[in-house]
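Residues per chain, in single letters:
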Amino acid sequence: MPREKFYITTAIDYVNAYPHLGHLYEKVCADIIARWNRLIGRDVFFLTGTDENAAKNEKAAREAGLEVKDFIDRNAKRFQELCRAFNISNDDFIRTTEERHRKVSQLIFKKMFENGDIYKGSYSGLYCYGCEEYKTEKDLVDGKCPEHGTEPEYIEEECYFFRLSKYEKQVLELIEQNQFIIPEKRKQEMIARIKSEGLRDLAVSRSRVGWGVEVPFDPKHKIYVWVDALVNYISALGYPDGEKYKKYWPADVHLIGKGINWFHSVIWPAILLSCGIPLPKHILVHGYITIGGEKLSKSKGTAIDPFKLLEKYEVDAVRYFLARDIPFFEDGDFSEKALVERVNGELVGNIGNFIHRTLTLIWNLYNGEVPEPHDYENDRDCMRLLESIKMLPNTMREKFENYEIDKALKEVADFSIQCNRFLQAKEPWKTKDPNALFLCVNAVRTLAITLRPYLPSSSEKIWKMLNLDGLPEDYGWDSAGELAIKPGHRISKPEIVFKKI
RNA sequence: AGCGGGGUGGGCUAGCCAGGUCUAUGCCGCAGGGCUCAUAACCCUGAGAUCGGUCGUUCAAAUCGACCCCCCGCUACCA
């Protein structure tokens, strides 16, 4: 029987600057979801990448004193390094300047045109030559561009439009009648917006930009960045006849930040409908990371560099904090103080400490050999812990199915507290209680598996310390609920897994 | 400005929809004590909130209604 497939994407990032904490957060969340799906046995394809065709890049490159291509390559590399540095398990990394993407981007545009959904029109507005951008009233200060101090000029130019209006009914139906957008709050926002203002046709080409993908039948126009960017989700799979496309499309989850919900929930489905391509299953909208309650902002200096964090903290410490402290569907605040407190208090103090004390107890009291239990069925405390071991993967599965990755992780933390309490009650350092140690060592195994999506390398360390064969994924998620470590099994010499900061 | 969500001890948060048992929950942090196998876990005690404000409904409101203040999100045709 073929395995169920699971295709997850992140948004692709603009390369006009280096990655910040927000970029990392989205990748970590996607990684956790991807890894969890692998653990439950799905055939996962996890995509991330960079959006490199924006006109903004031209400007940013100029300011950096580099050729556009060099500038983009440099920054894109940085995003790839980010993935490696933080143990992100993406299966591919798409760059929209790659040929495999450009040709699909053009193909999609052509298809939309052939289906009668692209027509020529004109766009007009206030244009600032300095910025090479159209401006709105609110962009201006005293009628002038705040950056260049010049008055923008009213101009009109020819461009192509996408008949977005044609898909209003279908898109609204898609959103209203399905769990297409998660969470509900974001769904309601989109419904409200469609109902109040409807869908207007969208200008999908630009003729004033030098950097971008040419409209295939009219190369002086460039394809509008958003249309181009969205296409990455299928171009990376080799649309229209790549094996991966056939296998993995439609996407199960497009993970995005709340700021780009409209593009993913409305424009993207309309494009796909126009081309007759199946629609993705879910648009999953996470919250933002804030610093002192404020949005990350370069100008305010709050755009934290993830690489800087690694100079002080371990990868898994950062991952733990992001997954645990930021409520997945809402904004959450980042501070080093909060990170240190969370890691020291919970990851080290509860989870790490429990692991360490049970393993050293077995090491010291039983020379590293798991003792033979007897009649623990008659012990209330033992049966309660056993029940929790069995239940943990189930309760976490429920959370994961609702993408509540922060709440799922809290279950692990709560479990470790219970384990510590159990150990305290049994006092095996006095009693050598074999039942307690037998159950606890199995609880450690439960932790190794349930932490696997969040803290892949720490999980592996625990696994090795338990001296188990293979890796957690060889046994699968549900195995976390089993007493798979048998009496007589020898563990390795205990070492500290989570260090105090 | 329109629509939507929210304001609970230092921080986050439960409770509100189905009003009384809320003299308001849990976690973190803080003060003190117990215990000590362990990277001080676990247990106990304590300080700290009149539940944004005002008015009302009611025998009774954090919980219902009105108005006000503040915060946030989406939108304001962001090329």
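Residues numbered from 1 in each chain as written. Chains lettered and ligands numbered in written order. Predicted model: local features only at pLDDT ≥ 70, side-chain atom pairs only at ≥ 80, totals over all residues. Heavy atoms only, no water.

Novice: Would you take a moment to explain the confidence of the model for chain A for this structure?
Specialist: Parts of the prediction with low pLDDT should not have their coordinates interpreted in detail. Chain-level pLDDT for chain A is 89 on average; 93% of the residues reach the 70-or-more range. Both confidence scores are given for the complex: pTM 0.93, ipTM 0.85. (pLDDT = per-residue confidence, 0-100.)

Novice: Looking at this structure, I do not really get the packing of helix 12 (residues 315-325) against helix 15 (residues 405-426). What am I missing?
Specialist: Think of two packed helices as two axes; the pair is described by the angle between the axes and how far apart they sit. Helix 15 packs onto helix 12 with a crossing angle of 110 degrees between their chain directions and a minimal axis gap of 7 Å. Judged by the inter-axis angle, helix 12 sits roughly perpendicular to helix 15. Residues Y320, A323 and R324 of helix 12 form the contact with helix 15, whose own contacting residues are I405, D406, L409, K410 and A413. For the contact of helix 12 with helix 15, the residue count by class is 5 nonpolar, no polar and 3 charged. (Axes fitted to C-alpha atoms, helices over the stretch in contact; angles between N-to-C directions. Helix = DSSP H or I, 4+ residues; strand = E, 2+ residues; numbered from the N terminus. Parallel < 35°, antiparallel > 145°, perpendicular 65-115°, else oblique. Contact = heavy atoms within 4.5 Å. Nonpolar A, V, L, I, M, F, W, Y, C, P; charged D, E, K, R; others polar.)

Novice: Even after reading the chapter, I still don't get the sheet that holds strand 11 (residues 214-215), so can you show me in this structure?
Specialist: Backbone hydrogen bonds hold the strands of a sheet together, and the pairing may be parallel or antiparallel. The strand order 10-12-11 describes an open sheet built from 3 strands, whose pairing is antiparallel. Unpaired on one side and paired on the other, strand 10 (205-206) and strand 11 mark the two borders of the sheet. Pairing between strand 11 and strand 12 (residues 218-223): 2 bridges, direction antiparallel. Along strand 12, the bridge assignment pairs E214 with K222. (Pairing = 2+ DSSP bridges.)

Novice: I keep staring at helix 13 (residues 336-366) and nothing clicks. Help me out?
Specialist: Helical geometry note: an α-helix holds 3.6 residues per turn, so side chains three or four residues apart project in the same direction. Along helix 13, the largest kink reaches about 35 degrees and is centred on G352. A positive phi of about 55 degrees marks N367, the residue just after helix 13. (Bend = angle between axes of the 7 residues up to and from the residue.)

Novice: What should I look at first to understand the packing of helix 12 against helix 13 in this one?
Specialist: Two numbers describe how helix 12 lies on helix 13: the axes approach to 10 Å, and their chain directions differ by 100 degrees. Taken together, the axis directions place helix 12 and helix 13 in an arrangement best described as roughly perpendicular. Here helix 12 contributes D316, A317, V318, Y320, F321, R324 and D325 to the contact with helix 13, which in turn contributes A338, L339, R342, V343, E346, L347 and I351. Of the residues in the contact of helix 12 with helix 13, the class split is 9 nonpolar, no polar and 5 charged.

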